[in-house]
Amino acid sequence: MGSMSITVNIAGIDVTFGSYRELIANLYAGLHQKKECITVGYVNANTIVLSREDSELFAALNGFSALLADGAGIHLAARLLHTTVKGLWSNNNATDFNFEMLRYADEHSLRIYFLGTTRVSLDLLQKRITERYSGITVVGCSDGFVDIHDASLPEMINRTKPDILMVGMGSPIQELWVNKHKEDLNVPLTITVGAFLDYVSGYMQRAPMFFRLCRMEWLYRLLIEPRRLWRRYIIGIPKFVYIVLWQKFHR
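Here is what the cut-offs are and how they apply
- Residues numbered from 1 in each chain as written.
- Predicted model: local features only at pLDDT ≥ 70, side-chain atom pairs only at ≥ 80, totals over all residues.
- Heavy atoms only, no water.
- Helix = DSSP H or I, 4+ residues; strand = E, 2+ residues; numbered from the N terminus.
- Rg over C-alpha atoms; globule rule 2.2 N^0.38 Å.
- Buried < 20%, exposed > 50% of the residue type's maximum accessible area, 1.4 Å probe, protein only.
- Patch = residues over 30% accessible without salt bridge, like charges linked within 9 Å, V, L, I, M, F, W, Y side chains within 5 Å.
- Areas by Shrake-Rupley, 256 points an atom, 1.4 Å probe, with all protein chains shown as cover.
- Salt bridge = Lys/Arg side-chain N within 4 Å of Asp/Glu carboxyl O.
- Contact = heavy atoms within 4.5 Å.
- Polar contact = N/O pair within 3.5 Å; in protein donor to acceptor, adjacent residues only side chain to side chain.
- Pairing = 2+ DSSP bridges.
- Axes fitted to C-alpha atoms, helices over the stretch in contact; angles between N-to-C directions.
- Parallel < 35°, antiparallel > 145°, perpendicular 65-115°, else oblique.
- Nonpolar A, V, L, I, M, F, W, Y, C, P; charged D, E, K, R; others polar.
- Left-handed = near helix turned anticlockwise from the far one by under 90°.

Sorry if this is basic, but what is going on with the overall build of the chain here?
Along the backbone of the chain there are 12 helices and 8 strands. Taking 251 residues into account, the globule formula puts the C-alpha radius of gyration at 18 Å, and the chain, at 18 Å, falls close to it. Its C-alpha atoms put the chain at 50 × 40 × 35 Å along the principal axes. A buried classification covers 48% of the 251 residues belonging to the chain.

Given below as structure tokens:
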């Protein structure tokens, strides 16, 4: 991804760490050249755990053009496995990065298609984009309740001619969908964004700045949605630690 970025293999998945400025510059260079369809995803501790339990997800992730680091857990793992990472880009965060993407799209008058979340959230999202990012043209929106095997959706997206496709259907569905249809999509840049569409729309509230500065957005999400997320964090974090330590001492 560039001379100042670092790629670390974590549990068989190459994860790229770098400054937002450099990562965005590299992605947009590829976007403007439009020589190939670039697919970008994010990897956090939960992604690693899921990929170890789901071979289809593991294969899908390795089919992406680039996988960017997301969150404190994945950064700590990289520091343990690759000491050069220490002290560099210690707060790579998918949500912040995606907002930078929107700012760039706004400045360069790009066309975006949003795929994911609910119809209610998408309606709010379109309103927010119009109010805050007047340079962006929203060429289409589809909710996330789709058949992963449906070939008509990529065709519909292509007809709108977006510069960027943001896919927010949650992991692992979004990664599986992108990997399955990447050859069908005629979109310069496709990026999986998880719950980001709900943050933009205001349908979900992001963690207060205190949690973000402490790099504990995960704890805020757990406090807000304990019944849905307790397994991911209470069980998933120890699994992730075990996976990383096993790699550290058995390579």
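Can you help me understand a nonpolar patch on the surface in this one?
Together, Leu-80, Trp-218, Ile-237, Val-241, Leu-245 and Phe-249 make up an exposed nonpolar region whose accessible area comes to about 510 Å². Looking at which element gives the most residues to the nonpolar patch, the answer is helix H12 (residues 226-249), with 4 residues. For Leu-245, the position within the fold is in helix H12.

Honestly, the environment of Tyr-42 in this entry has me stumped. Any pointers?
Looking at the secondary structure, you find Tyr-42 in strand E3 (residues 38-43). Classification of Tyr-42 by relative accessible area gives buried; the value is 9%. When the C-alpha atoms of Tyr-42 and Leu-61 are compared, they prove to be 9.0 Å apart, with 19 residues separating the residues in sequence. With sequence-adjacent residues up to four places away left out, Tyr-42 is seen in contact with Thr-47, Leu-67, Leu-68, Ala-69, Asp-70, Ala-94, Phe-97, Asn-98, Ile-191 and Thr-192. Side-chain polar atoms of Tyr-42 contact the side chain of Asn-98, separated by 2.6 Å.

So what exactly am I meant to see when it comes to the side chain of Arg-206 here?
By secondary structure assignment, the location of Arg-206 is in the loop between helix H9 (196-201) and helix H10 (209-213). A polar contact of 2.8 Å, which involves the side chain of Arg-206, links it to the side chain of Asp-96. Leave out the neighbours within four places in its chain, and Arg-206 touches Asn-93, Thr-95, Asp-96, Phe-99, Tyr-199, Arg-212, Glu-217 and Tyr-220.

Looking at this structure, how should I read the pairing of E3?
Counted residue by residue, E3 has 6 buried out of 6 residues, so it is predominantly covered. As judged from the 3 bridges shared by E3 and strand E8 (residues 189-192), these two strands associate in the parallel manner. Its bridge partner being in E8, Thr-39 is matched across the sheet by Thr-190. By the bridge criterion, 4 bridges tie E3 to strand E4 (residues 66-69) in an arrangement that is parallel. The residue bridging Val-40 from the neighbouring strand is Ala-66, located in E4.

Whenever I open this one, the pattern of salt bridges confuses me. Can you help?
Close approach of charged atoms allows side chains of opposite charge to pair. This model, assessed by the stated rule, comprises 7 salt bridges. Through salt bridges with shared partners, a single network forms among Asp-96, Arg-206 and Glu-217.

Whenever I open this one, the packing of helix H2 (residues 45-53) against H12 confuses me. Can you help?
Geometrically, a packed helix pair is captured by the angle between its two axes and the distance between the axes. Orientation of H2 relative to H12, taken along the N-to-C sense of each, is 75 degrees, at an axis distance of 9 Å. Judged by the inter-axis angle, H2 sits roughly perpendicular to H12. Judged by residue contacts, Ala-45, Asn-46, Ile-48, Val-49, Arg-52 and Glu-53 of H2 engage Arg-232, Gly-236, Lys-239, Phe-240 and Ile-243 from H12. Its residues placed into classes, the contact of H2 with H12 shows 5 nonpolar, 2 polar and 4 charged.

Help me understand the packing of helix H11 (residues 217-224) against H12, please; the structure alone is not making it clear to me.
Close contact between H11 and H12 brings their axes to 7 Å; oriented N to C, the two are set at 140 degrees. In this view, H11 runs oblique relative to H12, as classed from their interaxial angle. Every pair of crossing elements has a handedness; the one defined by H11 and H12 is left-handed. Residue-level inspection shows Trp-218, Arg-221, Leu-222, Leu-223 and Ile-224 of H11 in contact with H12, the latter providing Pro-226, Arg-228, Leu-229, Trp-230, Arg-232, Tyr-233, Ile-234 and Ile-237. Taken together, the residues of the contact of H11 with H12 break down into 10 nonpolar, no polar and 3 charged.

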